[in-house]
Amino acid sequence: MAGYMDNMLVRSFVYDLAIQWGLFGVAAYFQTEKFYDLAGSGTFVFLALQSLKWGETYFLRQKIQSGMVVTWGIRLGLFLFTRILKDGHDSRFNNVRNNPKRFFIYWTVQALWVWLTLLPTLLVNSNKKDKDLTKRDYVGWSLWILGFLCEAIADHQKSAFRSNPDNAKQFINTGLWSISRHPNYLGEIMLWTGLFISASPVMSSNQHLSVISPFFVAFLLTRVSGIPMLERKGLKRYGDNPAYMEYIKKTAVLIPYIY
């Protein structure tokens, strides 16, 4: 086992599982999901910094890549944590928090999400030979910036909208939400796609399979826990509102004017 732990990918996966399963025990005992998202985001931050430390090279590409992950993780983690403290619960866990087996699956899926999504960055930080920056680095970092801003602005706009008592029974269709029904998810997919692109110049052969990172994020958000769940929730709440049905008809699900 010690020999395998010398491999950064294996070590990261072991740490990831240990964190998620350990915190699952606490969450299951108290039957709470309040720190679930914070745990996920925090694990991203921890592994990005730890893998940079384990690599012991600190190349510019590694520091920028890791810094972007840390910046994203801190912002999103704190945003989601403060939101759930305000709301008091997360509806995703209504039939889960009291069922240890199902709750355990959620925490295990989170572990897989963290590791698979972070894979390109882990590969960058495990690289022992530096390479000159390329156009792909700048393209990837630019896409990350756009995605980060898109997600952060969309989150801020929706939070501001929800905090206004006059909007208690209304749906948001302003700002970025006027051109996409899920602009925050669009930003999420964009930023992880950017980090794969910026990591790709130092990859070799089968390491390019880490392209699973943005695809896995997109799959989760468009097919599993993101868009499908919110679309059903929206129809249940606003389905009898003609304005909402018109909004759905005219506004793209994810990519403005395309899809």
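Rules and cut-offs
- Residues numbered from 1 in each chain as written.
- Predicted model: local features only at pLDDT ≥ 70, side-chain atom pairs only at ≥ 80, totals over all residues.
- Heavy atoms only, no water.
- Buried < 20%, exposed > 50% of the residue type's maximum accessible area, 1.4 Å probe, protein only.
- Helix = DSSP H or I, 4+ residues; strand = E, 2+ residues; numbered from the N terminus.
- Arc of directions from axis to C-beta.
- Contact = heavy atoms within 4.5 Å.
- Phe/Tyr/Trp six-rings, centres within 6.5 Å; stacked < 30°, edge-to-face > 60°.
- Lys NZ or Arg CZ within 6 Å of the ring centre and 35° of its normal.
- 1 Å grid on protein atoms, 1.4 Å probe; cavity = no way out; pocket = protein on both sides within 12 Å on 5 of 7 lines; lining within 4 Å.
- Points joined across faces, edges and corners; volume = space filled by probe spheres on them.
- Nonpolar A, V, L, I, M, F, W, Y, C, P; charged D, E, K, R; others polar.
- Core = buried A, V, L, I, M, F, W, Y, C linked by side-chain atoms within 4.5 Å.

### Examining helix α9 (residues 242–250)
Among all positions of α9, only Tyr244, Tyr247 and Ile248 are buried. End-on view of α9: buried residues confined to an arc of 95°, all on one side of the axis. Turned more than 90 degrees off the buried face of α9, the exposed positions are Pro242, Lys249 and Lys250. In this structure, the buried residues of α9 make contact with α8 (227–238).

### Comments concerning unusual backbone geometry
Within the chain, tyrosine 58 stands out as a residue other than glycine whose phi angle is a positive 55°. Considering the arrangement of structural elements, one finds tyrosine 58 in the loop between α2 (36–55) and α3 (60–87). Relative accessible area serves as the criterion here: at 40%, tyrosine 58 is assigned to the partly exposed category. With phi around 40°, serine 205 is a residue other than glycine that occupies positive phi space. Mapped onto the fold, serine 205 is located in the loop between α6 (183–199) and α7 (212–224).

### Side note on the packing of aromatic side chains
Scanning all chains against the criterion turns up 25 aromatic pairs. With centroids separated by 4.9 Å and ring planes inclined at 65°, the aromatic side chains of tyrosine 36 and phenylalanine 93 adopt a geometry described as edge-to-face. With tyrosine 36 in helix α2 and phenylalanine 93 in the loop between α3 and α4 (100–126), this residue pair connects regions lying 57 residues apart in the sequence. Per residue, the accessibility class of tyrosine 36 equals that of phenylalanine 93, and both read buried. Sitting over the face of the ring of tryptophan 54, arginine 11 holds its NZ or CZ atom 4.6 Å from the ring centroid. In this arrangement the basic side chain of arginine 75 is found over the ring face of phenylalanine 79, its NZ or CZ atom lying 5.6 Å from the centre.

### Let's talk about the layout of surface pockets
Computed from the structure, the second largest pocket encloses a volume of approximately 200 Å³. Lining the second largest pocket, in full, are Ser91, Arg92, Asn94, Asn95, Val96, Arg102, Tyr106, Met229, Arg232, Lys233 and Lys236. Sorting the residues of the lining of the second largest pocket by element identifies α4 and α8 as the ones contributing at least two each. Per-element accounting of the lining of the second largest pocket gives the leading share, four residues, to α8. Tallied by class, residues from the lining of the second largest pocket come to three nonpolar, three polar and five charged.

### What to know about the nonpolar core
Membership of the largest hydrophobic core comes to 36 residues, with the highest contact counts inside it found for Phe44, Val69, Trp72, Trp113, Trp144 and Trp192. Within the residue set of this core, elements represented by two or more residues are α2, α3, α4, α5 (135–163), α6 and α7. Dropping the residues within four chain positions of it, phenylalanine 44 is found in contact with Val69, Trp72, Trp113, Val114, Thr117, Leu118 and Trp192. Listed in part, the nine residues of the second largest apolar core include Phe171, Trp177, Tyr238 and Tyr244.

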